[in-house]
Amino acid sequence: MRVMAQVAMVMNLDKCIGCHTCSVTCKQTWTNREGTEYVWFNNVETKPGIGYPKRYEDQERWRGGWVLDRRGKLKLRGGGRVRRLLSLFANPDLPSLDDYYEPITYDYDTLLNAPASEHTPVIRPKSALTGEDTAITWGANWEDDLGGAAEHAPGDPNLAAMTEKVKFEYERTFMFHLPRICEHCLNPACVSACPSGAMYKREEDGIVLVDQDRCRGWRMCVSACPYKKVYANHVTGKAEKCTFCFPRIEAGQPTVCAETCVGRLRYIGLVLYDADAVTAAVSVPDPADLLEAQRAVFLDPHDPAVAAAALEDGVPADWLEAARRSPVHKLISEYRIALPLHPEYRTAPMVWYIPPLSPVLDAVSTSEGDANDPDDVFHAIRDLRIPIEYLASLFTAGDTEVVAGVLMKLASMRGYMRARTVDGTVADDLLAATGMSAAQMEAMYRLLAIAKYDERYVIPAAHREDAAALAAQGAGCSLDVEGGPGMGGEDFHVLPTDNRIRLPLHVADAKEARR
Amino acid sequence: MNTLLWVVLPYAALTVFAVGHAWRWRVDQFGWTTRTTQLLEHRWLRWGSPLFHLGVFAAIAGHALGLLVPKSWTEVIGVSEGLYHAVSVGAGTAAAVMLVVGLGLLLARRFVNGRVRRTTTPTDKLLFAVLTVVIALGVTATVGENLIGAGYDYRETISVWFRGLFRLQPDPVLMADVPLVFQLHALSAFALFAIWPFTRLVHVWSAPIAYLWRPYVVYRRRATPGRPR
Ligand code: SF4
Ligand code: SF4
């Protein structure tokens, strides 16, 4: 056993209102630069829908993530080492910019400089890449709230496995929002596909980063990530990705997307896992067993043997304490209501989701049931194939039983709390059905519904053993370099004060060329 | 004049090449990249880039054979002049076709595709221009002189002079009567060496061979001041 700590996230999808605050604050923080116009480290998709980039979940096409070869060994779906090197000159699995969208800006000068005229002047959309007139035909969030769903959503790869056809008429469909960031996987396909060894997983907290100084622009990570969460910066020629806001995490603060989330639905905390068990867990043959196998990799921080091993393996004592209080640990391992996104990609993703009950409740209401009556809801969960199969395709590699079980728990919690607060009774049958104690049920309710700030985020600050050296850094911030926030090998506030200068020859050139 | 062209210029170019690389490596890791534009345009690149790169590999192998291996060595192992000529012209022509088609496609997308055109920097333009000249002259020499024309045995002159550069006793006289295309090809190649470290060509030195044997997942510790990494 080798104990490692991972900063992980859980999102409670029932609460996401699709406001995109997270995406916008993230973009303002990390990707509001030339070269990353089309990049959204955090994006929010409407499901069903084909997502961003288009149909990224279709791994037959994009060949991201891992598969088992004939001998049952893990290999990158995009091909082994030799094949990767042979596709350096042209990567057949790389999405093109049109699979994301053409970023645009507007010709604002027209508004300011237009002469007086009878009609109000209008501004035209211009391609942010070429500066030429362009028509806006797609975007990172084109399908917002099922807009255009009748036309596009049938292309959602998750619908392929469903036994009943989903109808996209207004009264008969269902939808929810799916916010996505990089999963900071335990078995990251991006890191494994990087020929330069520029990508790495941090030993201390598991955050996956791109060393901007070592990246050589081979763009293998972009295609290897099944979630398409590494992006090519077309100005610097380097890969960039979600950083889990590591400067904030190191200071004990939540990520920007989580901090600003209007629905307060994101949870951040530590999980402890056995690093030696990861490969075996993601190699189990039946995809339906992957969820359980991945759960089994997590260790219980309350177990004295685990605690002793953790200290031995260099996990600091205060981190161990934080792992015990971690909301993520509770939601995944104790209440078992959080599920990974597409475990069948075999990357062991570390952003998990509490599946939404709302599509079921909507269905109960439209079929004239009572969404507040647990029995009606239970029946619906048992009988509805849509949307249960759909959720199973997202979160459990198709196992509807697991999804139904989680939804039952959520429905029971509603029923239990309703009985307690409205009728003043204790619904023992619901406790028995979920196998939870009254105290557990109420604690889960508190975590999900009250969701206090310091219960949602239990983030131990990083250990900086040498504070003097930190102070010696002065006020300089290496995030200020041209072309990119410092996702370098050195973390930004501990950049050694050597006298290397950054000389982005090409960036300067590119600027020049644009003038 | 001969000394200037065939001694001073080559050494100057090679010095810039070496010093330039050392300097760039030290100060500009962030700019050291292929600067791929596949994201912006992939249809032309899909054919152009592999063709060009394979053509370059073939050309490099051919040059290594023709320039570095003395004629006496191949004669010792029984390769006649006729056989050598046939092989070099045959393989050279194949490489030339790949290079011309590949570079043509890559150049065309730089002009035709607005997105790629806008990201093309002045350095890129210089690089493309020099590359085109070097390749055009090389192809003319191989196809024009040696395939269609009478043929020229560069191994008696150019190769000897070239090896002399590395033995620090280059003989400029050897180059004096070499046909003009070969002379210009050699000079333009040294121009390419001189601009190399300042262009995206530096990505050549980062060919990620080590990927073949390193473990898949890379772990690194967070940098902490005062602790060596
Ligand atoms: S989700 Fe993140 S860590 Fe996982 S493969 Fe993609 S980029 Fe890598
Ligand atoms: S800010 Fe929160 S509620 Fe709004 S879209 Fe993002 S995750 Fe959903």
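Just so it is clear, the structure is predicted and the values come from calculations on it, not from any experiment. (Residues numbered from 1 in each chain as written. Chains lettered and ligands numbered in written order. Predicted model: local features only at pLDDT ≥ 70, side-chain atom pairs only at ≥ 80, totals over all residues. Heavy atoms only, no water.)

Caption draft 1: Structural view of the overall build of chain A. Broken down by element type, chain A carries 24 helices and 15 strands. Relative to the compact-globule value of 24 Å for 515 residues, chain A shows a C-alpha radius of gyration of 24 Å, a close match. Across its three principal directions, the C-alpha atoms of chain A cover 70 × 70 × 50 Å. For chain A, the residues scored as buried account for 58% of the 515 residues in total. The contacts of chain A with a sequence gap of at least 6 include a subset with a gap of at least 24, amounting to 71%. For chain A, the exposed surface amounts to about 20400 Å²; the carbon and sulfur share of it is 52%. Within chain A, the 72 negative side-chain charges are centred at a point lying 4 Å from the centre of the 56 positive side-chain charges. (Helix = DSSP H or I, 4+ residues; strand = E, 2+ residues; numbered from the N terminus. Rg over C-alpha atoms; globule rule 2.2 N^0.38 Å. Buried < 20%, exposed > 50% of the residue type's maximum accessible area, 1.4 Å probe, protein only. Contact = heavy atoms within 4.5 Å. Areas by Shrake-Rupley, 256 points an atom, 1.4 Å probe, with all protein chains shown as cover. Lys, Arg positive; Asp, Glu negative; His and termini not counted. Charge placed at Lys NZ, Arg CZ, Asp CG, Glu CD.)

Caption draft 2: Representation of the sheet that holds strand β8 (residues 199–202) of chain A. Spatial strand order, β9(A)-β8(A)-β1(B): three strands in an open sheet with mixed pairing. If you trace the sheet from one side to the other, it starts and ends with β9 (208–210) of chain A together with β1 (219–220) of chain B, each paired once. Inspection of the sheet shows β8(A) paired to β1(B) by two bridges, in the parallel sense. In the sheet register, Arg202(A) faces β1(B), and the bridge partner there is Arg220(B). (Pairing = 2+ DSSP bridges.)

Caption draft 3: The arrangement of the interface of chain B and chain A in detail. Between chain B and chain A, the contact holds 58 residues from the first and 80 residues from the second. Between chain B and chain A, a total of about 6000 Å² is buried, with carbon and sulfur atoms accounting for 58% of that surface. In terms of surface lost to chain A, no three residues of chain B exceed Phe30(B), Arg220(B) and Arg222(B), which account for 16% of the buried area on that side. Of the charged contacts in the structure, one is a salt bridge between Glu102(A) and Arg115(B), with a shortest N-O distance of 2.5 Å. (Buried area = accessible area lost by both parts, 1.4 Å probe. Salt bridge = Lys/Arg side-chain N within 4 Å of Asp/Glu carboxyl O.)

Caption draft 4: Seen up close, helix α2 (residues 43–68) of chain B. All names here are of chain B. The end-to-end C-alpha distance of α2, which contains 26 residues, comes to 38 Å, matching closely the 38 Å that a straight helix rising 1.5 Å per residue would cover. Buried within α2 we find Leu 45, Gly 48, Ser 49, Phe 52, His 53, Gly 55, Ala 59, Gly 66 and Leu 67. On its buried face, α2 is in contact with α4 (81–112), α6 (122–148) and α7 (158–166). (Expected span 1.5 Å × (residues − 1).)

Caption draft 5: View of the pattern of salt bridges. One pass over the full model with this rule turns up 36 salt bridges over all chains. Where Arg71(A) meets Asp69(A), a salt bridge forms, and the shortest distance between an N and an O atom there is 3.6 Å. By relative accessible area, which is 68% here, Arg71(A) ends up exposed. Where Lys71(B) meets Glu156(B), a salt bridge forms, and the shortest distance between an N and an O atom there is 2.8 Å. One end of the pair, Lys71(B), is in helix α3 (residues 71–76); the other, Glu156(B), is in the loop between α6 and α7, and 85 residues separate them in sequence. Overall, the relative accessible area of 13% leaves Lys71(B) in the buried class. Owing to a relative accessible area of 46%, Glu156(B) belongs among the partly exposed residues under this scheme. Here the residues in one salt-bridge network are Glu45(A), Lys47(A), Glu57(A), Asp156(A) and Arg180(A), joined through shared partners.

Caption draft 6: Summary view of the sheet that holds strand β13 (residues 298–299) of chain A. All names here are of chain A. Here we have five strands laid out as an open sheet, ordered β13-β12-β1-β15-β14, and mixed in their pairing. In the strand order of this sheet, the two ends are held by β13 and β14 (339–340), each with one partner. In this structure, strand β1 (residues 3–12) lies alongside strand β15 (residues 351–354), joined through four bridges in parallel fashion. Its bridge partner lying in β15, Met 11 is registered against Tyr 353. Of the strands in this sheet, β1 and β12 (266–274) touch helix α14 (residues 317–324), which is tilted by about 115° from β12. (Axes fitted to C-alpha atoms, helices over the stretch in contact; angles between N-to-C directions.)

Caption draft 7: Representation of the nonpolar core within the structure. Among the nonpolar cores identified, the biggest contains 167 residues, and Tyr38(A), Leu331(A) and Ile381(A) are the most heavily contacted of them. Per-element tally for this core: the top contributor is helix α19 (residues 400–423) of chain A, with 11 residues. Every residue in contact with Tyr38(A), bar those within four places of it in the chain, is listed here: Tyr52(A), Leu97(A), Tyr100(A), Tyr101(A), Pro103(A), Tyr231(A), Ala232(A), His234(A) and Leu39(B). With 19 residues, the next largest nonpolar core counts Trp6(B), Tyr154(B), Phe162(B) and Val178(B) among its residues. (Core = buried A, V, L, I, M, F, W, Y, C linked by side-chain atoms within 4.5 Å.)

Caption draft 8: Up close: α4(B). Residues and elements named next belong to chain B. A rise of 1.5 Å per residue sets the reference length of α4, with its 32 residues, at 46 Å; its end C-alpha atoms lie 45 Å apart and thus fit the reference within 8%. For α4, every residue scored as buried is listed here: Tyr 84, Ser 88, Val 89, Thr 93, Ala 95, Ala 96, Leu 99, Gly 102, Leu 103, Leu 106, Arg 109 and Arg 110. The secondary structure elements touched by the buried residues of α4 are α2, α5 (114–119) and α6.

Caption draft 9: Quick look at the site of ligand 2. In the region of ligand 2, 14 residues are neighbours, and Cys16(A), Cys19(A), His20(A), Cys22(A) and Cys261(A) sit closest. Across the shell around ligand 2, the residue classes break down as nine nonpolar, four polar and one charged. (Near = heavy atom within 4 Å. Nonpolar A, V, L, I, M, F, W, Y, C, P; charged D, E, K, R; others polar.)

Caption draft 10: Local environment of the site of ligand 1. For ligand 1, the full set of nearby residues is Cys182(A), Glu183(A), His184(A), Cys185(A), Pro188(A), Ala189(A), Cys190(A), Val208(A), Cys225(A), Tyr227(A), Val230(A) and Lys241(A). Residue classes in the shell around ligand 1 are distributed as nine nonpolar, one polar and two charged.

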